[in-house]
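Commentary on secondary and tertiary structure
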Amino acid sequence: MRESKLWALHLFAGGALIVLLGVHMAVQHYPTLLGWLGWPQTDVRGFAAVAARGASSAWAVLYVLLLGFAVYHGMYGLRRVLHEVWYSPGAGRAIDLLVVVAGLVVFVYGLVVVFQAMPVGGAS
Amino acid sequence: MARPSWTDASPAADRQSRSSGSPRRLPNRLGVRGWAYAGRYPIERYLYTLHRLSGLGLVLYLPLHVWVTGRRLQGPEVWARTMATLSHPVFAVGEMLVLAAFVFHALNGVRLILGHLGYTLGRPAEPVYPYPVALRRQRPLTVALMVATAVFIAAGLWEILIR
Amino acid sequence: MTMARVQERVVPAQQAAPGGEGAGGAGLSKVVLRVARFDPERDVRLRWQTFEVPYTPGMTVLDALIAVKEHHDGSLAFRSSCRMGVCGSCGMYVNGKPRLACQTQVSELGGTVEVAPLPNHDVIKDLVPDLSPTFERHRKVHPYIIRPAGDEPEMRSPTREFAQTPEEMERYLQFAYCLKCSLCVAACPTAATDPLFLGPQALAQAYRYVADSRDGGWAARADVVDGPHGVFSCHLAGACSEACPKGVDPALGIQLLKRTLLVGPPHPEPAPVIGPRQTPPPDPARPRPQAPPPTV
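Only a predicted model underlies this, so the values are computations on that prediction, with no experimental measurement involved.

This part takes up the overall build of chain A. For chain A, the helix and strand inventory stands at five helices and zero strands. At 18 Å, chain A has a C-alpha radius of gyration far larger than the 14 Å of a compact globule built from 124 residues. Evaluated residue by residue, chain A yields a buried proportion of 26% over its 124 residues. Restricting the contact set of chain A to residue pairs at least 6 apart, pairs at least 24 apart contribute 63%.

Structure below.
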């Protein structure tokens, strides 16, 4: 694929992450801010809250999107940095292979975590 | 595409003929050190370095985070133990760093996305002294976003470490 | 065409103050010059040497280097030619910034001048950098107007001028002032690590031709810049534009080039192929005016 297509997706994923990760970070780290916005402040890290979020399909959609965009954006960014510091012949392919494999591993395990937690997934 | 006839003979061959047998050259590429400091440049060049650093930190954190999240599949006890471990001050500081990296990377990213697409930079103009520089036209945005970054990081500090 | 509009050089306040000879530079009488030296036959790294030369009003860094070469050390090597910021030969790293030595007043630097060869380029000797990689990358982006097929006869023997509106010209004019002095490459953080990166100079020149309404070479240029070491290795650090001595603003050109890769060039089609000028048939009612007979 042409570099410009990969890069456009990187940019789009970055824009989406600002919103998605913004929500995620606000829920995790800014309870006071959420309180002002009228969101009930609960113990977000308690098992009950975590399990409830895991069982909700709305949260599952958010988490899958978050995971996909984060893995793509992160791995493309890592690839850019590596390409710019390591340029010996053959390095390009090694870098591309490395980021694809690493990205797939994290993405697949992340999917397992999200769907195992759903009631239909069976584990919980 | 054929080389136009007015260019001189192959530059590579030219360079080789000059370098063969002649004294060596001194490599003077700044390397990664040049990201940290290279001279009196505008703030955006140093934000470039910080953007890379925060991005690399977040990429490293991502698999760790997915793994920790996966602990909940093993039931409430394992989850409670994991959370207890993570409430140690070392991890709280680590979490703070992740939050700071995210806030900076996201807000600086807003500026970069707009700039990469050609917005906020203005249009090409005739270079009449003092020369127009696109980066200076978007400097107010840089400043506003960095102020916002500081505010969010301060609020995060208060939420995570003090409250 | 620009000449009429060029404003007077902005002079620092201290330099504008009146007060007889030596007024420039707030009473500077001498210049301390710290110069990086590299003798390819002996040295393995840069060596620093300090010289003192008498200050004269209006002295540039290049003037100071010439004074050193004339009176102190004839072996000092540096490149220069036009002494007026047009040829782009005398790019150096002066007091923390890449600059043209001939365009940098010593008085702006406060009397102590530190001169090193341009970073991100191999050093040939003393202050002489190897600029050939920059020129090679410049050639890679097809830095000339590429006309659509069918326009060869007109290119070989032009029959008339190409009309361009002022707006069409303004799209590329700024980028056309490039001197190939390579100061932008010396400033670029990506060029500091990646020798395969096309660099701000070549990428801005790619956009200069892409933005030209006469050009039809977008496909060929897109092939060159759309790669892992091409235009997307620019992350908007902006140091190139700050370093540019001619206001070319490579950073702007590169971002517009990225935009072009996503949405296409600013003009969808190159200006049409022009045939020979159609001369209207003579009008019998209005005969051609005849020149008066020569008097001598």
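A few words on the packing of helix α5 (residues 89–116) of chain B against helix α7 (residues 139–162) of chain B. A pair of packed helices can be characterised by two numbers: the angle between their axes and the separation between those axes. Residue and element names in this part refer to chain B. Packing of α5 against α7 brings their axes to within 9 Å, and their N-to-C directions diverge by 160 degrees. In terms of their interaxial angle, α5 and α7 are classed as roughly antiparallel. Like other packed secondary-structure pairs, α5 and α7 cross with a definite hand, here right-handed. Residues A92, E95, M96, L99, A100, V103, F104, L107, N108, V110 and R111 of α5 form the contact with α7, whose own contacting residues are L141, T142, L145, A148, T149, F152, I153, G156, L157, I160 and L161.

Contact with chain A, which involves 10 residues of that partner, is made by 15 residues of chain C. Of all the elements in the fold, those that place two or more residues in the side of chain A that touches chain C are α1 (3–29) and α4 (57–85) of chain A. When residues of the side of chain A that touches chain C are assigned to their parent elements, the largest contribution, four residues, is made by α1(A). In terms of residue class, the side of chain A that touches chain C is built from four nonpolar, three polar and three charged.

The next thing to look at is the interface of chain C and chain B. Contact residues are listed per partner, giving 54 residues for chain C and 43 residues for chain B. Looking at the side of chain C that touches chain B, the elements with two or more residues in it are β6 (123–125), α4 (132–140), α6 (166–173), α10 (239–243) and α11 (250–263) of chain C. The class makeup of the residues in the side of chain C that touches chain B is 25 nonpolar, 14 polar and 15 charged.

Moving on, we get to the environment of S87(B). Residues and elements named next belong to chain B. By secondary structure assignment, the location of S87 is in the loop between α4 (76–86) and α5. Judged by C-beta crowding, with 11 C-beta atoms within 10 Å, S87 ranks as exposed. When the C-alpha positions of S87 and R33 are compared, they lie 36 Å apart, and in sequence the two are 54 residues distant.

Below, the discussion takes up the pairing of strand β3 (residues 91–94) of chain C. All names here are of chain C. Of the two faces of β3, both are covered, the one formed by G91 and Y93 as well as the one formed by M92 and V94. Examined bridge by bridge, β3 and strand β4 (residues 97–100) share four bridges and lie antiparallel to one another. Directly across from G91, in β4, lies its bridge partner L100. The loop that links β3 with its antiparallel partner β4 comprises two residues; one of these, N95, has a positive phi angle of about 45 degrees. Sheet analysis places β3 next to strand β5 (residues 112–116), joined by two bridges and oriented antiparallel. Residue pairing across strands places V94 opposite V115, the latter belonging to β5.

A word on the sheet that holds strand β2 (residues 47–54) of chain C. All names here are of chain C. Ordered in space as β2-β1-β5-β3-β4, the five strands form an open sheet in which the pairing is mixed. Taken across any chain shown, the strands that pair with only one partner, and hence form the sheet edges, are β2 and β4. Taking each pair of neighbouring strands and ignoring which way they run, the sheet shows an average axis angle of 35 degrees. Two strands pair when backbone bridges link them, and strand β1 (residues 30–37) and β5 are joined in this way by four bridges, in the parallel orientation. Within β5, the residue paired with V35 across the bridge is V115. Where helix α2 (residues 61–71) meets the sheet, its contacts fall on β1, β2, β3 and β5, and the angle it forms with β2 comes to roughly 95 degrees.

The next thing to look at is the nonpolar core. As a rule of thumb, soluble globular proteins bury nonpolar side chains together. With 86 residues, the main nonpolar core has A64(C), V115(C), L203(C), Y207(C) and L257(C) as its most contacted residues. The biggest single contributor to this core is helix α8 (residues 199–210) of chain C, with seven residues. Contact partners of Y207(C), with chain neighbours within four places excluded, come to F175(C), G253(C), I254(C), L256(C) and L257(C). Membership of the second largest hydrophobic core comes to 27 residues, among which are L17(A), V59(B), L62(B) and A101(B).

Turning next to the packing of α4(A) against helix α3 (residues 43–70) of chain B. Between α4(A) and α3(B), the shortest axis-to-axis distance is 10 Å and the interhelical angle comes to 130 degrees. The pairing of α4(A) with α3(B) is recorded here as oblique in orientation. The element α4(A) and its partner α3(B) pack so that their crossing is left-handed. Across from A70(A), G74(A), G77(A), L78(A) and V81(A) in α4(A), the residues of α3(B) making contact are R52(B), G55(B), L56(B), L58(B), V59(B) and L62(B). Among the residues making up the contact of α4(A) with α3(B), the classes are represented as seven nonpolar, three polar and one charged.

Conventions adopted
- Residues numbered from 1 in each chain as written.
- Chains lettered and ligands numbered in written order.
- Predicted model: local features only at pLDDT ≥ 70, side-chain atom pairs only at ≥ 80, totals over all residues.
- Helix = DSSP H or I, 4+ residues; strand = E, 2+ residues; numbered from the N terminus.
- Rg over C-alpha atoms; globule rule 2.2 N^0.38 Å.
- Buried ≥ 20, exposed ≤ 12 C-beta atoms within 10 Å, placed from the backbone.
- Contact = placed C-beta atoms within 7 Å.
- Axes fitted to C-alpha atoms, helices over the stretch in contact; angles between N-to-C directions.
- Parallel < 35°, antiparallel > 145°, perpendicular 65-115°, else oblique.
- Left-handed = near helix turned anticlockwise from the far one by under 90°.
- Nonpolar A, V, L, I, M, F, W, Y, C, P; charged D, E, K, R; others polar.
- Pairing = 2+ DSSP bridges.
- Core = buried A, V, L, I, M, F, W, Y, C linked by C-beta atoms within 7 Å.

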